[in-house]
Structures are given as C-alpha cells and as structure tokens.
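# What the coordinates show
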Amino acid sequence: MDNPLLRPSALPYELPDFGRIKEEHFLPAFEAAMTQDLECVRAILADPDPPTFANTVEALERGGLALDRVESVFFTLTAAHNTEGIQRIYQELAPRLSEHKADFTLDKDLYARVRRVDRTDLEPWQLRVLDEYVSWFANSGAELGLDDQERLREINDELSALSISYGNDLIREVNSSAVVVDDPAELDGLSPADVEAAASAAAENGLPGRYLLTPSLFTVQPVLSVLTDRELRRRIHLAAVNRGTGEHGGEGSQSRTDLLPVAARIARLRSEQAELLGYRSHADHVLAGSTAPSLEAVHEMLERITGPAVRNALEERAELEELAGHPIEAWDWPFWAERLRQERYAVDAAALRDYFELESVLEHGIFRTARDLYGLVFTERPDLGGYLPPVRVWEVTDEEGRGVGLFLGDWFTRPTKQGGAWMGSLVHQNRLTGQRPVVVNNANFTRPPAGRPKLLTLDEVVTVFHEFGHALHGLLSDVHLPSFSGTKVPRDFVEYPSQVHEMWVLHPDVLRRYARHHRTGEPIPAETLAGLREASAHGQGFRTVAYLASTYLDLAWHGIEDPAELPDPRTVEQESLARAGLDVPGIAPRYRTGYFKHIFAGGYSAGYWSYIWSEILDADTAQWFTARGGPTRENGRRFAEEVLSRGNETAPMEAFEALLGRRPDLGALLERRGLQPREEFVHRQRGAPARDAPDHG
C-alpha cells in the first residue's frame, strides 16, 4: 500500500500525486491492477444471479478503475516525458498489457454473459452502452475459434511491441533531425527572440556558439515561411522529409533511423488481423467502429474534395511562381505564400506574433471564451503540481464556485516529449464513482529565452484553441461510466468539438480581448484583422492537398486486403498519390511514412481521414453558431448539452442531429475552403467500441 498508484490520490479531484510517484512504482502497480481486473471478471462469472446491467456492465467498469488510474498516469508520461526509464518499463510491460487485454476480450464466457444481460426497462444510454460492449467484444475476436484466437494474440503482442518501437525511435529521430547553423546571417528573417532561442537550444545540446533549429513533427516547418536563405530552407525541408527513411537529412542533420520496415510490418500484421476478424482490410475493420457508413463512403467524400483542392493548389503555385520569378520547390512554397499574403492582404505573420502572447491567449482567449460560452472559471493552482515543474494546473469551477475539474497545461518542447500537440485525461468523469475530470493539454512550442514572453504564430494560436476544445469535451462530460466519458467517442467524431472551437480564434468578440500587443497593450489593428479574415481562405489548396496526401497514404497502407501482397514501403507514397491525383509538385504529404506517428503509434490507423470528416460537422456547426449570434451563453449551453456532455453514451450522429435538427451538409465545408459550390453530403451513424479509446491530437 506504499505504492501511490494503488489507490486514488488524496489530492483535489484525485490529481495524481506526481511528487510521490516514481518509475519503480509502475510495474508492480500494473500487475496489481491487472490482477484486480481479472478477479473482477471471475467474480462476475461466478455470480449465480441472472446477468443484469448492474452486476455485469457496471461491475466490469468498477473492476477496471484501478487499471485505468495506472494507465492514465503512465501513458501521459510516455507521450510527455518519455525518459529512458519509462521506455524500458513500456517495453517490458507491453506484452503483459497485450496479454491482459486478450484475456479480457477473448473470454467467451464473459462475452456470452454480456450478451445475456436483461434489456428490459433499460434506459436509452444503457442500451447504447450494452450494444457497444457487445460490438467491442465481437470486433476484438471473442467469436473466433481457439486456434484463430491464439494467432490473434500473437499478432496483438507483436503490434504492441512494434508500435512502441516506432514511437520511441521517432522521438529520437525528430531530435536528431534538428538542423545546426553556424552563421547567424543564414537566420535572416527569424525574429531576434527566435534567434536567441535557437542559440539557447544549441548550447543546451552541447553546441555553444551555434544555432539549433528543432523540427516540428509535420512536414512543413513553420520557419520556412520567414527564412530568406533558400539553401537553409532546402536543408530544413530535406531534414524533415527524410526522417525515418534511413537517409541523411542533409548538412547539419544527423537523421538516419529507418522506420519504413517497421511501418510495413505493422501494416502487414494489421491486414492479417483484419482477415482473421472477417474484414477485407484493416481500414474496413476500423470503419466498423466509426460514424462513417463504409470505406466506400469515405473514398467518395475524399474524391469530391480532391479535384477542387488540386485545382486550387495549381492556381496558387502559378501565382507564387509569378511572384518569385522561378519554379517553386517544396521549401519555397511557404516562403512565397507568406510574401503573397503580405502583399495582397497586408498581413505580416512575423509582426502578428507581437499580438499573440501565450498568457493573453490563455487568460483572455480560451479561458474567457469558456466562461462566456459555458460559465466555466479557470483559477491557477500553483499549490498543485504536474508531472514536471513546467506543467501548470488550473482548477475549473462554475460561476457559483462549484468544482468541475482540473486543467493542466504543458506548452513547451523538450527532448523527452513526442512531437505535435494533444489532449489527454488523468481522471475520467463518471457518475458511477463520482469522479470529476482531470485533463491535460500538450504542445511543443519553443521555449522563449528567460524573462521573455512567449509569442505565438497564428497557427500556434489555432493549436491552443483546438486542443482546448478537446479539453472542454473532457471537462464538460456528464456520463455514467468511465469507459464512455468525454473524448472516448469514435475516432471520426472526436475531432469535431475541437475543430468547432477553432472558429473563435478570429471571431471579433474573442480576438479583441486576447490579441493585444504584448508591450503596449494596443488591440490588433482593425485593418490587420480584416486582412486576416480575407487571407484565411488563401492557401487552402496547398493545405488541403497536403492533408489529403497523408490521408491517402494512410488508406494505402491500411487498405491492403492480402497480407502476402505488401508493397515496397518506398513506393507506397508515390503510387498512392499518383492514383489519387495528388502528386502535385512542391506539395509533400503533411506526414510521411517515416514520421506518421498518428497511424503507426497513435491510434489513427486507417483513420486520418477523420479530421476532414469531422470538419464537415464542424463547418456546419460553425454556421449554426454564427446564425444564432456567436459565442453566447445560450449557444454554449446547447452545444454542451447536446454534444460535449454526452460522451459515447449517446450515438454521436444523434447528438449532432439533436443540435442542428438535421443531418450534416458537406456544402459548409466546401464553402469554407473555397473548393466548390454548396451541395448535399449526408452520412449516417454507425457504432463504435467504448473501451480503451486512445487520446488524440
């Protein structure tokens, strides 16, 4: 009982007591929690009473609470502070976790008992939960014969190990692909603060007197839009796109890890897994747990967007080449696109940063908007600690001071942190035990020099609002069972609330409060705001094509129907883009196979399309908010009541239709992206597995 992970924390809202938790606590805590989980299963199966919702489903949920507590803490660290010790623990733990999940999901007696639960007089949410449990067992292999179950266990074990290997190697690969610069003249275009930050990063990595540019996880690096030195831009781009290929990224980059064989092996195993479970491909298996009706419907949606997006991108490239006076390469596109925005819309991205100071974005941007919409109040609690000193904690209450939960913010990059931005949960809201939510937002912003404010780019501001949308989905959850709480919804619905919250970034009622000059306090000029709005549609061709390219790459890897016919991993990208008509010179996929963590180590396999699918709902909902007066309390109440509070105890598309009073319309998305005139696009609801939904970005 000295292990702090083996009982609920005594801190407010059961915030894990990170001051007491040590790495050596995890393995014994996992073993104890898994034992408790299986003891619960044995007790349920030994119960002589007929199966009921309470003595079966609720009992399973209670039995899993200890394991959920340990997993929530551990997997927060594997993403945010993945030390060598945590990596060793994970590698040792992975086969045990895989075995434990199989012991649970492949238990035919337990599956039979769940199916026999008396459905008489159950409430709608209970019927939904019961159906999800049955679907989850079936899609996990409970109906397979014993020989096939044994092979499925082997596949799951190997997939778990390979996913861990891919994720750990990628963290090292991203760090090693940082570009070293010797001559400060090459950094022309960077702000003085960014130059100073690059010098500090180099010094921290044993390179005093030099400059280190650490890449973001995605392909297009933000610095490419401002650096005037074309050769340095080329070096940075090559370092980014060559990550995970085993090829040298260029001068100043040490990237050499080859993750392509690992990715290919993962894809082969997923294909075999799907075949065992009775699906044509891994993509079809994933679609069984989504709101999209079929893989064909997803392809239809993508095809209707691809043609207009490519046409727009080609027009954009022609404009940029005319401005630049030479052919545009991938490392040129962001630079000249920024010059075009400055000339056409009088928007200077570098100057904008003076108005986007992180503290103001937090206090007067996301927190104030949450108060206006949902009546939430955020009060920083310096007396409560996160897993590292830079992690900040806020208590969330309603306007009467009643506790809602805790919000943690971890904003800056470090070598032990995975790339990108994401939300996670340390405690899942549920009525079963009365637990209230504890959620965390992570980003990878470059830390400013000591004593300087952190100034964000517009894209980084969008990231803050996006991830906070996920956090609100967790904080405003009001469900009965932890496995159905907050963001534990289908993958193609989970991005919907977060994308809706991006609409407030440039909303005049929101922007005027947080976008103020960090030195003078002056609001962002009206003409700049007008230019930002006009410029928001500029470059949509490029952005949409880059996103779609990654989506088709994902589907190429996971649409394989015969595991024996795996393609050469070095040709998958080229062939998939050519087939889709997305091989546009100068536009690389947002993620490539060597650094596509979303699909090979992040829970989005065969699901990267869900961002654009969710954006159909988001664009429709943004128009709903606008037509009803914007960020008002009544609109927030409705959105929270019909969507954010429901978790997965309500079918997601039922929640959407309850809000808008109709099915979704693709036209709002096409209008937003300037792709083609309005037209109808409807998709219907499908079920989704409830348990062990991963966190997301």
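Here, the structure is the one placed above.
For clarity, every value in this text was computed on a predicted model and none was experimentally measured.

### Section: the overall build of the protein chain
- The helix and strand inventory of the protein chain stands at 26 helices and 7 strands.
- Here the C-alpha coordinates of the protein chain stretch approximately 80 × 60 × 55 Å along the principal axes.
- In the protein chain, 74% of the contacts between residues at least 6 apart in sequence involve partners at least 24 apart.
- Carbon and sulfur atoms provide 49% of the accessible area of the protein chain, an area that totals close to 26,800 Å².
- Considering the protein chain, the positive charge centre built from 74 side chains and the negative charge centre built from 108 side chains are found 2 Å apart.

### What to know about the pattern of salt bridges
- Following the criterion strictly, the structure yields 45 salt bridges and no others.
- We note a salt bridge from Asp131 to Arg119, for which the minimum N-O separation is 3.0 Å. With Asp131 in helix H6 (residues 124-140) and Arg119 in the loop between helix H5 (108-115) and H6, this pair connects stretches of sequence that are 12 residues apart.
- Judged by relative accessible area, which is 40%, Arg119 ranks as partly exposed.
- Between Glu154 and Arg151 there is a salt bridge; the shortest N-O distance is 3.1 Å. Taken together, the residues span about one helical turn, with Glu154 and Arg151 both in helix H7 (residues 146-176) at a distance of 3 residues.
- Judged by relative accessible area, Arg151 falls into the partly exposed class, the value being 27%.

### Quick notes on helix H13 (residues 333-345)
- Helix length check: H13, at 13 residues, gives a terminal C-alpha distance of 17 Å against a target of 18 Å (1.5 Å per residue), a fit within 8%.
- Within the sequence span of H13, burial applies to Trp333, Pro334, Phe335, Trp336, Ala337, Glu338, Leu340, Arg341 and Tyr345.
- Residues of H13 that are buried sit in contact with helix H9 (230-241), helix H12 (295-324), helix H14 (349-352), helix H19 (526-535) and helix H20 (540-558).
- Among the residues trailing H13, Ala346 stands out with phi positive, at a value near 55 degrees.

### Thoughts on helix H1 (residues 26-46)
- Under the 1.5 Å per step criterion, the end-to-end length of H1 is 30 Å for 21 residues, consistent within 8% with the ideal 30 Å.
- Three or more residues of H1 are buried, namely Phe26, Ala29, Phe30, Ala33, Met34, Asp37, Leu38, Cys40, Val41 and Ile44. Down the axis, H1 shows its buried residues gathered within 160 degrees of arc, on one side only. Exposed positions of H1 whose direction lies more than 90 degrees from the buried face are Arg42 and Ala46.
- Each element contacted by the buried residues of H1 is listed here: helix H2 (53-63), helix H3 (65-80), helix H4 (84-105) and H5.

### Some words on the sheet that holds strand E6 (residues 422-427)
- Within the open sheet, the 5 strands sit side by side as E3-E4-E5-E7-E6. Their pairing is mixed. Each edge of the open sheet is held by one strand with a lone partner, namely strand E3 (376-380) and E6. The sheet shows a mean angle of 25 degrees between the axes of neighbouring strands, taken without regard to direction.
- Where E3 lies against strand E4 (residues 392-398), 5 bridges are found, and the strand directions are antiparallel. Bridging across to E4, Thr379 finds its partner in Glu395.
- Sitting on the sheet, H3 is in contact with strand E5 (403-412), E6 and strand E7 (438-445), with an inclination near 155 degrees to E6.
- The strands touched by helix H16 (residues 458-475) within the sheet are E3, E4, E5, E6 and E7, with E7 carrying the most contacts at an inclination of about 165 degrees.

### Structural notes on the layout of surface pockets
- Within this model, the second largest pocket holds a volume of roughly 450 Å³.
- Taken together, 24 residues line the second largest pocket, and the ones lying closest to its centre are Tyr374, Leu376, Asp398, Val404 and Leu476.
- Those elements giving two or more residues to the lining of the second largest pocket turn out to be helix H15 (358-374) and helix H24 (633-644).

### Examining the packing of aromatic side chains
- Counted by the stated rule, this structure contains 41 aromatic pairs.
- Between Tyr496 and Phe639, the ring centres sit 6.0 Å apart and the planes meet at 85 degrees, which makes this aromatic pair edge-to-face. In this pair, Tyr496 is assigned in helix H17 (residues 491-500) and Phe639 in helix H24, connecting sequence segments 143 residues apart. The pair Tyr496 / Phe639 is uniform in exposure class, with both members buried.
- Grouped by ring-pair contacts, the aromatic residues Phe493, Tyr496, Trp504, Trp624, Phe625, Phe639 and Phe656 constitute a single cluster.
- In this structure, Arg233 packs its charged tip against the face of Phe335, placed 4.3 Å from the ring centre.

### Here's the deal with empty space enclosed by the protein
- Considering all chains together, one arrives at 3 cavities of 30 Å³ or more under this definition.
- Put simply, the largest cavity is a space of about 50 Å³.
- Residue lining of the largest cavity: Met423, Ser425, Val427, His428, Gln429, Pro437, Val439, Gly474, Ser485, Gly486, Thr487 and Lys488, and that is the complete set.
- Sort the elements by how many residues they give to the lining of the largest cavity and E6 lands first, with 3 residues.
- When grouped by side-chain class, the residues that make up the lining of the largest cavity number 4 nonpolar, 7 polar and 1 charged.
- Those elements that place two or more of their residues in the lining of the second largest cavity are H15 and H16.
- In terms of residue class, the lining of the second largest cavity is built from 7 nonpolar, 2 polar and no charged.

### Section: the environment of Pro525
- Looking at the secondary structure, you find Pro525 in the loop between helix H18 (508-514) and H19.
- You can call Pro525 partly exposed: its relative accessible area is 25%.

### Brief notes about the pairing of E5
- Across the 10 residues of E5, 9 count as buried, placing the element largely inside the fold.
- Pairing of E4 with E5, which is carried by 6 bridges, proceeds in the antiparallel orientation. Following the sheet pairing, Glu395 is matched in E5 by Leu406.
- Connecting the antiparallel pair E4 and E5 is a turn made up of 4 residues, with Gly401 showing a positive phi of about 85 degrees.
- Inspection of the sheet shows E5 paired to E7 by 6 bridges, in the parallel sense. Looking across to E7, one finds that Asp410 is bridged to Asn442.

Thresholds applied
Residues numbered from 1 in each chain as written. Predicted model: local features only at pLDDT ≥ 70, side-chain atom pairs only at ≥ 80, totals over all residues. Heavy atoms only, no water. Helix = DSSP H or I, 4+ residues; strand = E, 2+ residues; numbered from the N terminus. Contact = heavy atoms within 4.5 Å. Areas by Shrake-Rupley, 256 points an atom, 1.4 Å probe, with all protein chains shown as cover. Lys, Arg positive; Asp, Glu negative; His and termini not counted. Charge placed at Lys NZ, Arg CZ, Asp CG, Glu CD. Salt bridge = Lys/Arg side-chain N within 4 Å of Asp/Glu carboxyl O. Buried < 20%, exposed > 50% of the residue type's maximum accessible area, 1.4 Å probe, protein only. Expected span 1.5 Å × (residues − 1). Arc of directions from axis to C-beta. Pairing = 2+ DSSP bridges. Axes fitted to C-alpha atoms, helices over the stretch in contact; angles between N-to-C directions. 1 Å grid on protein atoms, 1.4 Å probe; cavity = no way out; pocket = protein on both sides within 12 Å on 5 of 7 lines; lining within 4 Å. Points joined across faces, edges and corners; volume = space filled by probe spheres on them. Phe/Tyr/Trp six-rings, centres within 6.5 Å; stacked < 30°, edge-to-face > 60°. Lys NZ or Arg CZ within 6 Å of the ring centre and 35° of its normal. Nonpolar A, V, L, I, M, F, W, Y, C, P; charged D, E, K, R; others polar.

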